Every structure is written in structure tokens, then in C-alpha cells.
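Each chain, written out:
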Amino acid sequence: MKRKIITTGLIVLGLAVTGVLMHLYGETAAEKKRQQAVADEIIRLHVIANSDSEEDQQLKMKVKETIVTYLRGEMSRADSVGDARQVIREHIPDIEEIAKEKMQMEGYSYEVEASLGESYFPIKEYGDLTFPAGDYEALRVKIGKSNGRNWWCVMYPTLCFVDSTYQIVPDESKEKLKETLTNEEYEMLLAGGENVTYSSKIWEWLHNTF
């Protein structure tokens, strides 16, 4: 009798755990769908340092500032994510060249490789916007051996900070982002992002587990 009670209890517990997991998976799948909708409308910039040495990390930031300043002017004529994608593709050689020139000015001769493609990003806070974890299209700039910590921003719409001291997303950039997303998707990114954080942590766990 005791064994039967224990078996029944285990079955009930198993069903309860399964129900919770299915509920979480359902919520996370919906969150992932919203993340993909956001990802379809933005392009990120991802700069990876040669190493984690202080000198290489400082160099990464200087290269980042050079690329952001250059692309800000070029991206001003982009009215859609498709336009932005085309601008970036056209300027890949220029991006590599200005990065090399900046490094030479700083006394370094690392190689630079720039490419546009999909990359997985963990959850990231950016000013008062929180972007969920997932796959995003990104301009990836790899410096030297690219074994160091990376730096990222949203290249389109232009949310990149040249001066990282004042990390405030410009209102005009928010408006452009808001125009391309649904109200639900935009609200998901705003202030604090508690739901985004919670759902993204679950999604990352499922992503890593399965």
C-alpha cells in the first residue's frame, strides 16, 4: 500500500513538473517569436578584441568609436533594415580599412575581418531598452586573434553610443525603432525589461539544455 502511494505521488509530481515545463516552454516560445520579430528589424554591431589584455581592450574601444562614427554618416540614408544591410555590405572593405588605419595610428598591426551575418546574443541591456537573448543579424568585426571580450550595440536603427559615458538612447532612434515594431514588441524592450529578462533566462536554459 505504501509503495502504491509513493508511486502515485511520483506520477502526480511528474505530471505537475511536465505541466510547468510545458507552460514555461509555451511562454518562452511566444517570447522567442517576439524576439525574432524584433531581430528582423535591427542590425547589431559586434566588435571582438584580440585578447583580454588592457591594451587590446582599449584598442577595441577606439576601433569601435571609429567604426560607429563612420557608419553613422553612411547609415543616415537608410530608411529600412534592408537599406541598412545594403549600406553595410557595400562598405565592408572600407570598414576593414578604417579599422586598420586606426590601429596603425595606435601602433598595432593586427588583421581585421568584417562580415555581416547571424550571431547568437545573450540578453543585453542598452540604456533603458532590454533586448532578449536570441539570434540577430550583426556586423561582426574581429580584431587579430579575436580571443578577447566583445563590445556590441544596435547599428540600425542608430542606437550606438560614441561616448559610452552618456548611455541614453536618442528619442529619434527610439521613434524609428517604434515605427518598425508592434506596440507589444516595443513595450517588451522598454524600461527594466523584467519580463524580457525572465523569459530570456528560461530560453537560454532551454537553448543550452536541448
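Given the structure is predicted, the values throughout are model-derived calculations rather than measurements.

Reading guide: rules and limits
- Residues numbered from 1 in each chain as written.
- Predicted model: local features only at pLDDT ≥ 70, side-chain atom pairs only at ≥ 80, totals over all residues.
- Heavy atoms only, no water.
- Helix = DSSP H or I, 4+ residues; strand = E, 2+ residues; numbered from the N terminus.
- Buried < 20%, exposed > 50% of the residue type's maximum accessible area, 1.4 Å probe, protein only.
- Contact = heavy atoms within 4.5 Å.
- Salt bridge = Lys/Arg side-chain N within 4 Å of Asp/Glu carboxyl O.
- Pairing = 2+ DSSP bridges.
- Expected span 1.5 Å × (residues − 1).
- Patch = residues over 30% accessible without salt bridge, like charges linked within 9 Å, V, L, I, M, F, W, Y side chains within 5 Å.
- Areas by Shrake-Rupley, 256 points an atom, 1.4 Å probe, with all protein chains shown as cover.
- Lys, Arg positive; Asp, Glu negative; His and termini not counted.
- Charge placed at Lys NZ, Arg CZ, Asp CG, Glu CD.
- pLDDT = per-residue confidence, 0-100.
- Arc of directions from axis to C-beta.
- Phe/Tyr/Trp six-rings, centres within 6.5 Å; stacked < 30°, edge-to-face > 60°.
- Lys NZ or Arg CZ within 6 Å of the ring centre and 35° of its normal.

Undergrad: So what's going on with the overall build of the protein chain? Residues and values would help.
TA: Helix and strand content of the protein chain: seven helices and six strands. Walking the protein chain from its N terminus toward its C terminus, one meets helices and strands in the order α-β-α-α-α-β-β-β-β-β-α-α-α. Sorting the 210 residues of the protein chain into buried and exposed places 40% on the buried side. Intrachain contacts of the protein chain at a sequence separation of at least 6 include 74% that bridge at least 24 residues.

Undergrad: Tell me about the environment of Glu-65, and please be specific about residues and values.
TA: As for its placement among the helices and strands, Glu-65 is situated in helix α2 (residues 54-75). The spacing of Glu-65 and Lys-102 is 37 residues in sequence and 10.0 Å in space, taken between C-alpha atoms.

Undergrad: An account of the pattern of salt bridges is requested, with residue identities and associated values reported.
TA: Using the criterion set out here, one finds six salt bridges in the structure. Residues joined in a network through salt bridges with shared partners are Lys-62, Lys-102 and Glu-106.

Undergrad: Can you lay out the pairing of strand β5 (residues 134-143) for me, pointing to particular residues and giving the numbers?
TA: For β5, a buried count of seven out of ten residues is recorded, marking the element as mostly surrounded by other parts of the structure. Relative to β5, strand β2 (residues 112-121) is paired through ten bridges, and the arrangement is antiparallel. Bridge pairing in β5 links Ser-119 to Tyr-136.

Undergrad: Could you give an account of α2, naming the residues involved and the relevant values?
TA: Given a rise of 1.5 Å per residue, 22 residues ought to cover 32 Å, and the 31 Å separating the end C-alpha atoms of α2 matches this to within 8%. Those residues of α2 that fall on the buried side of the exposure criterion are Asp-56, Gln-57, Leu-59, Lys-60, Val-63, Lys-64, Ile-67, Val-68, Leu-71 and Met-75. On its buried face, α2 sits against β1 (43-48), α3 (81-90), α4 (92-105), β5 and β6 (150-156).

Undergrad: Kindly report on a negative patch on the surface, identifying the contributing residues and their values.
TA: There is a patch of like negative charges on the surface, built from Asp-171, Glu-172, Glu-175 and Glu-179. Tracing the chain through its elements places Glu-175 in helix α5 (residues 171-180). A relative accessible area of 44% places Glu-175 in the partly exposed class.

Undergrad: I'd like a description of the confidence of the model for the protein chain, backed by residues and values.
TA: Mean pLDDT over the protein chain stands at 78; residues scoring 70 or higher make up 72%. Taken element by element, the protein chain is modelled with least confidence in helix α7 (residues 194-209), mean pLDDT 51, and with most confidence in α4, mean pLDDT 97. Across residues 15-27 the pLDDT falls below 50, and counting only partners more than four positions away or on other chains, this stretch makes five contacts in the model. Segment residues 196-200: pLDDT under 50, and 16 contacts once partners within four positions in sequence are set aside and those in other chains are kept.

Undergrad: How would you summarise α5 if you had to cite specific residues and measurements?
TA: An α-helical turn contains 3.6 residues, so any two residues separated by three or four positions project in the same direction. Taken together, the buried positions of α5 are occupied by Ser-173, Lys-174 and Leu-177. Along α5, the residues classed as buried sweep out an arc of 100 degrees about the axis, all on the same side. With respect to the buried face of α5, the exposed residues turned more than 90 degrees away are Asp-171, Glu-172 and Glu-179. Contacts made by the buried residues of α5 are with β4 (129-131) and α6 (183-189).

Undergrad: Outline the packing of aromatic side chains, supporting the account with residue identities and numerical values.
TA: Any two aromatic rings considered together are summarised by their centre-to-centre distance and by the angle between their planes. Tallied over the full model, the rule gives four aromatic pairs. Note on Tyr-108 and Tyr-110: the rings are 5.6 Å apart at their centroids and 35 degrees apart in plane angle, and the pair reads as tilted. Relative accessible area serves as the criterion here: at 23%, Tyr-108 is assigned to the partly exposed category. Ring geometry for Phe-131 against Trp-152: centres 6.2 Å apart, planes inclined by 80 degrees, an arrangement best described as edge-to-face. Here Phe-131, found in strand β4, pairs with Trp-152, found in strand β6; they are 21 residues apart in sequence, far enough to count as distant. Take Trp-152: its relative accessible area is 9%, and that puts it in the buried class. Over the ring of Tyr-136 we find Arg-44; its NZ or CZ atom is 4.3 Å from the centre of that ring.

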